[in-house]
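Each chain, letter by letter, is given below.
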Amino acid sequence: MATRGQDIVAVIKQQIKQFGTAVALVDVGTVIEVGDGIARIHGLAAARYNELLQFPNDIIGIALNLEEDSVAAIVLGDYTRIKEGDEVRCTSRIAEVPVGEALIGRVVDPLGRPLDGEGAVKTRKTRPVERIAPNVVMRQSVDTPVQTGIKAVDSLIPLGRGQRELIIGDRSTGKTAIALDTIINQKGGDLICIYVAVGQKASKVARVAATLEAHGAMAHAIIVAANASDSVALQYLAPYAGCAIGEEFMEQGKDVLVVYDDLSKHAWAYRQLSLLLHRPPGREAYPGDVFYLHSRLLERAAKYASEYGGGSLTALPIIETQAGDMSAYIPTNVISITDGQMYLETDLFNAGNRPALNVGLSVSRVGSAAQTKAMKRVAGRLRLELAQYRELAAFAQFGTSELDKATRIQLDRGQRITEVLKQPQFVPMAMAAQVMVLYAAINGYLDDVALDKVAIFENEFHRFMETTYHEIGEAVTKTKEISAETEAALKKVILEFKEIHFKELLRHVID
């Protein structure tokens, strides 16, 4: 009798303990097929698109295909550890990535896991990797420059905060070099830079990290890497993860630059993913929504209006062409989404023009709105001089013996301007220094300098201005324009440098 009474007491105690406990309902499914990083699951009727799914062994997947009687998911971990019959659960969480200040200076994968061996990333906040782009009411026009430190870009193809500027060209033409120079040039500034590597060799990502570290740029940079050896699921997620990390800073009113290197490999990863998911192939075997793949990513680049914080996210997507074919499917898609493109040519690269920018095919649809008054002053003439030079050079290749004097002067000046626009890698130049040397070039001060001496002239001119007349450069930097007094002083100094210092320098070189 006592035993029965004790049992009743135990049951009552248990009921009291569980009183008020909410019943948790979890949607559960079963794996019916797995392979090549894709799992097909029977059940999961309540699963949502892009929802995180929990597999056994702490493996996570993302639901992508929601079919009538099954769900197809991409597996973010080791899919070989999943087998038929395994239980899968919904998590009610959409694919997300850790965000925050703790990521600055780190190398992480698209899920925020560290790849640099410096321990866990100490951040508590996460953001969904996918988000609807800001609407037109929240945006304002692009009017603040992103100084790349590259003369040819800052003068002819200006980049503004909140812009999307495509870097396009064949492999090994210096596309990544432009992006890295831009990141390095932000040292000591207020621009946070995110470099997203999609499908790159691990050695290249390590080289990029080492380069940024060596130039002190990792203090304001984040690297998000989905290497060639990683699953296509991670490669597909990487650009969205990098964008989400940037958006967190943008919504705090900060300025962010995101480099996507490169979206060709991103499209390849998505094509592989789509074919494995049995989605119908379209042109070049890409799925029908490959345009939307990149448009929903790049449209998230914006400059917020001041009432929404005034932050900005600038996108530098990179596309690799095959044999210079800009009319291929993915290049034309991304060109139509972006606000301009920098087109790099193999022939120019091989001829020693670095950066190998084809100024005729490159364009910035933001234009001079994203330039300082000082740069605007020299850029207009520069563009005109180069256009005339390109036109005359086409005729001059047949022989210069019958050309009149004015045409010869135009050709000579165009050659010297082209020489001035050459710039070695990892040597970004301040805005004032760019303005001063371009002013000298377009106003004919280099016309009588031998072509092979232009580089010496430029280097010595910068050194002379820094050591002797640094106040001129400081005035241009401070006011961001060339006043009448500054222009008069600049003309006088250029003539003094040419007549005295440069001639003396050349005499020493010859001796």
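Up top is the structure these notes are about.
Since we're looking at a predicted model, the values are computed, not measured.

### Structural notes on empty space enclosed by the protein
Right, so step 1: Taken as a whole, this structure holds one cavity of 30 Å³ or more when the rule is applied.
Right, so step 2: Of the voids in this model, the largest cavity is the one considered here, and its volume is about 60 Å³.
Right, so step 3: Taken together, Pro 145, Val 146, Gln 147, Asp 154, Pro 158, Leu 159, Ala 370, Gln 371, Thr 372 and Met 375 make up the lining of the largest cavity.
Right, so step 4: Considering only residue class, the lining of the largest cavity consists of six nonpolar, three polar and one charged.

### A look at unusual backbone geometry
It is generally the case that most residues other than glycine have a negative phi and that most peptide bonds are trans.
Right, so step 1: Look at the link from Asp 261 to Asp 262: it is a cis peptide, with omega at -5°.
Right, so step 2: Mapped onto the secondary structure, Asp 262 falls in the loop between β13 (255-261) and α6 (263-276).
Right, so step 3: Residue Arg 354 is joined to Pro 355 through a cis peptide bond whose omega torsion reads 0°.
Right, so step 4: Mapped onto the fold, Pro 355 is located in the loop between α9 (346-350) and β17 (363-364).
Right, so step 5: In this structure, His 278 takes a positive phi of about 65° despite not being glycine.

### Overview of the packing of α6 against helix α7 (residues 290-298)
Right, so step 1: Their axes nearest at 10 Å, the elements α6 and α7 cross at an angle of 130°. The angle between α6 and α7 places the two elements in the oblique class. α6 and α7 meet at a crossing whose hand is right-handed. Together, Leu 263, His 266, Ala 267 and Tyr 270 of α6 and Val 290, Leu 293, His 294, Leu 297 and Leu 298 of α7 make up the contact between the two elements.

### Considering the packing of aromatic side chains
Right, so step 1: Taken as a whole, this structure holds eight aromatic pairs when the rule is applied.
Right, so step 2: Between Phe 457 and Phe 461, the ring centres sit 6.1 Å apart and the planes meet at 15°, which makes this aromatic pair stacked. One end of the pair, Phe 457, and the other, Phe 461, are both in helix α13 (residues 454-467), four residues apart, so they sit about a helical turn from each other.
Right, so step 3: Relative accessible area serves as the criterion here: at 0%, Phe 457 is assigned to the buried category.
Right, so step 4: Plain terms: the ring middles of Phe 464 and Phe 497 are 5.3 Å apart, the flat faces sit at 40° to each other, and that makes the pair tilted. Taken together, the residues span a long stretch of sequence, with Phe 464 in helix α13 and Phe 497 in helix α15 (residues 484-510) at a distance of 33 residues.
Right, so step 5: Ring-pair connections join several aromatic residues into one group, and the members of that group are Phe 457, Phe 461, Phe 464, Tyr 469 and Phe 497.
Right, so step 6: Seen from the ring of Tyr 286, Arg 271 lies directly overhead, with NZ or CZ sitting 4.2 Å from the centre.

### What to know about helix α12 (residues 431-442)
Right, so step 1: In this model, α12 (12 residues) spans 16 Å end to end at C-alpha, consistent with the 16 Å of a helix rising 1.5 Å per residue.
Right, so step 2: Of all 12 residues in α12, 12 are buried; the element is thus mostly enclosed.

### Let's talk about the environment of Val 97
Right, so step 1: Mapped onto the elements of the fold, Val 97 is located in strand β7 (residues 96-98).
Right, so step 2: Placed 16 residues apart in sequence, Val 97 and Arg 113 show a C-alpha to C-alpha distance of 9.3 Å.
Right, so step 3: Residues contacting Val 97, with those up to four places away along its chain left out, are Pro 110, Leu 111, Gly 112, Lys 125, Thr 126, Arg 127, Val 129, Ala 241, Ala 244 and Ile 245.

### A few points about the side chain of Lys 303
Right, so step 1: By the secondary structure assignment, Lys 303 is in strand β14 (residues 302-303).
Right, so step 2: It turns out Lys 303 is buried and unbridged, and the closest side chain with the opposite charge, Asp 143, is 4.4 Å from it.

### What to know about helix α8 (residues 329-337)
Right, so step 1: Within α8, seven of the nine residues are buried, leaving the element largely enclosed by the surrounding structure.
Right, so step 2: Buried within α8 we find Tyr 329, Ile 330, Pro 331, Asn 333, Val 334, Ile 335 and Ile 337.
Right, so step 3: The inward-facing, buried residues of α8 contact β10 (166-169), α6, α7, β15 (312-320) and β16 (340-344).

### Notes on the pattern of salt bridges
Right, so step 1: Going through the model one piece at a time under the given rule, you end up with 34 salt bridges.
Right, so step 2: The salt bridge involving Arg 127 is made with Glu 248; its shortest N-O contact spans 3.2 Å. Remark: Glu 248 occurs in helix α5 (residues 232-250) and Arg 127 occurs in strand β9 (residues 126-128); sequence separation between them is 121 residues. Glu 248 carries the same exposure label as Arg 127, and that label is buried.
Right, so step 3: Note that Glu 299 is salt-bridged to Arg 164, the shortest N-O span being 2.6 Å.

### As for the environment of Glu 130
Right, so step 1: If you trace the backbone, Glu 130 turns up in the loop between β9 and α2 (151-156).
Right, so step 2: C-alpha separation for the pair Glu 130 and Glu 96, spaced 34 residues apart in sequence, amounts to 8.1 Å.
Right, so step 3: For Glu 130, the side chain forms a polar contact with the side chain of Arg 296, separated by 2.9 Å.

### Things to note about the nonpolar core
Across soluble globular proteins, nonpolar side chains show a tendency to be buried alongside one another.
Right, so step 1: Formed by 68 residues in total, the largest nonpolar core has its most connected members in Ile 183, Leu 212 and Ile 223.
Right, so step 2: Looking at this core, the element that brings in the most residues is α12, giving 10 residues.
Right, so step 3: Among all residues touching Ile 183, those that are not within four sequence positions of it are Cys 193, Tyr 195, Leu 212, Ala 217, His 220, Ala 221, Leu 257 and Val 259.

### Quick word on the sheet that holds strand β3 (residues 51-55)
Right, so step 1: Judged by pairing direction, the barrel is antiparallel, and its six strands sit side by side in the order β1-β2-β5-β4-β3-β6 before closing back on the first. Pairs of neighbouring strands in the sheet enclose a mean axial angle of 45°, with direction left out of account.
Right, so step 2: Here five bridges tie strand β4 (residues 59-66) to strand β5 (residues 70-75), and the two strands are oriented antiparallel to one another. Residue pairing for β5: Ile 62 is matched across the bridge by Ile 74.

Rules behind the numbers
Here the residue index of a chain counts from 1 through its sequence in written order. Local features in this predicted model are restricted to residues of pLDDT 70 or higher, and side-chain atom pairs are both shown and tallied only at a pLDDT of 80 or more, whereas totals for entire chains, interfaces and linings draw on every residue. Only heavy atoms go into the side-chain values, all of them from the structure, while hydrogens and water stay out. A cavity here means a set of 1 Å grid points, computed over protein atoms only, where a 1.4 Å probe fits but cannot escape. A pocket is an open set with protein on both sides within 12 Å along at least 5 of 7 lines, and lining residues have an atom within 4 Å of a point. Grid points are joined across faces, edges and corners, and a volume is the space filled by probe spheres set on the points. Under the convention adopted here, Pro, Cys and the residues Ala, Val, Leu, Ile, Met, Phe, Trp and Tyr are nonpolar, Asp, Glu, Lys and Arg are charged, and Gly plus all remaining residues are polar. The secondary structure listing takes helices from DSSP runs of H or I that are at least 4 residues long and strands from runs of E that are at least 2 residues long, numbered from the N terminus. All axes here are fitted lines through C-alpha atoms, helices being fitted over the stretch that makes contact, and every angle between N-to-C directions spans 0 to 180 degrees. Orientation categories follow fixed angle ranges, with anything under 35 degrees roughly parallel, anything over 145 roughly antiparallel, 65 to 115 roughly perpendicular, and all other angles oblique. Rotating anticlockwise by less than a right angle from the far helix to the near helix defines a left-handed crossing, while the corresponding clockwise rotation defines a right-handed one. Residue contacts follow a heavy-atom distance rule, with two residues in contact if any of their heavy atoms lie within 4.5 Å. Centres within 6.5 Å are what make two rings of Phe, Tyr or Trp a pair, Trp counting through its six-membered ring; a difference in plane orientation under 30 degrees is then read as stacked, over 60 as edge-to-face, and the rest as tilted. Only protein chains enter the area calculation, which uses a 1.4 Å probe; residues under 20% of their type maximum are buried, those over 50% are exposed, and those in between are partly exposed. Two thresholds decide whether a charge sits over a ring: the Lys NZ or Arg CZ must be within 6 Å of the ring centre and within 35 degrees of the ring normal. A helix is expected to reach a length of 1.5 Å times the quantity of its residues less one. Working convention for charge: Lys and Arg count positive, Asp and Glu count negative, and His plus the chain ends are omitted. When a carboxyl oxygen of Asp or Glu is within 4 Å of a side-chain nitrogen of Lys or Arg, the pair counts as a salt bridge. Polar contact is the term for a pair of N or O atoms within 3.5 Å; when the atoms are in protein, one must be able to donate a hydrogen and the other to accept it, and sequence-neighboring residues count only if both atoms are side-chain atoms. In plain words, nonpolar cores are sets of buried Ala, Val, Leu, Ile, Met, Phe, Trp, Tyr and Cys residues tied together by side-chain atoms within 4.5 Å. Note on pairing: DSSP must find at least two bridges between two strands before they are called paired.

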